[in-house]
Amino acid sequence: MKRLIAIIAFLFTGTFAMAQDADAIVGVWEPGNGKARVKIDNIDGKFYGRIVWLKEPNDPETGKPKTDVNNSDESMKNVPLRGYRMLKDFEYKGKGVWEEGTIYDPETGNTYSSVITMKDENTLDIRGYVGVKTFGRSDTWRRLKVN
């Protein structure tokens with residue numbers, strides 16, 4: 001009986017540690033260009049990121065909040081960028097890597113397959129690609145300290 005309890009405790013501890021590792025990505029991050037801030041959350045075991053701040057939140061021509069004008073889907077062109085979910089469906093694979101997700105680039109209107117690698121507790125390497133990871137582009141995101 002003690003052995004069974006020990007095995008269950010070991011398995012629970014391992015699962016709990018894995019969940020804690022997965023949530024290391026949760027927080028507010030700034031992409032390399034500094035134009036936005038993205039909040040990453042764990043929603044039912046998958047990770048999503050939405051734009052929570054824009055350096056230039058309003059369209060200079062209209063004075064109204066910026067919208068997703070570059071989206072190829074006409075029905076999305078009037079959706080505000082602030083609040084837009086640009087990272088979707090990432091799954092933690094262990095060892096600081098999240099995969100199986102996509103990243104949307106509002107500047108081009110394109111969605112890419114993506115992998116996120118945590119370099120340290122405050123640095124993410126985010127790689128977007130089409131087809132093969134080799135043929136992609138990476139960006140470094142920095143964690144922001146939020147009060």
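Since we're looking at a predicted model, the values are computed, not measured.

**Student:** I tried to follow the sheet that holds strand β5 (residues 97-105) on my own but got confused; where do I start?
**Tutor:** The strands making up a sheet are joined through hydrogen bonds of the backbone, oriented either antiparallel or parallel. The antiparallel closed barrel is built from eight strands, whose spatial order is β1-β2-β3-β4-β5-β6-β7-β8. Between one strand and the next, the sheet's axes are offset by a mean angle of 35°, whatever the strand orientation.

**Student:** Would you take a moment to explain the pairing of strand β2 (residues 36-43) for this structure?
**Tutor:** Along any regular strand the residues' side chains alternate between the sheet's two faces. Here three bridges tie strand β1 (residues 27-30) to β2, and the two strands are oriented antiparallel to one another. By the bridge assignment, Trp29 is partnered in β2 with Val38. Between β1 and the antiparallel strand that follows it, β2, lie five residues; Gly34 among them carries a positive phi value of about 70°. As paired elements, β2 and strand β3 (residues 46-54) share eight bridges and run antiparallel to each other. Along β3, the bridge assignment pairs Arg37 with Trp53. Hairpin connection of β2 to β3: two residues between the antiparallel strands, including Asp44 at a positive phi of 55°.

Rules used throughout
- Residues numbered from 1 in each chain as written.
- Predicted model: local features only at pLDDT ≥ 70, side-chain atom pairs only at ≥ 80, totals over all residues.
- Heavy atoms only, no water.
- Pairing = 2+ DSSP bridges.
- Helix = DSSP H or I, 4+ residues; strand = E, 2+ residues; numbered from the N terminus.
- Axes fitted to C-alpha atoms, helices over the stretch in contact; angles between N-to-C directions.

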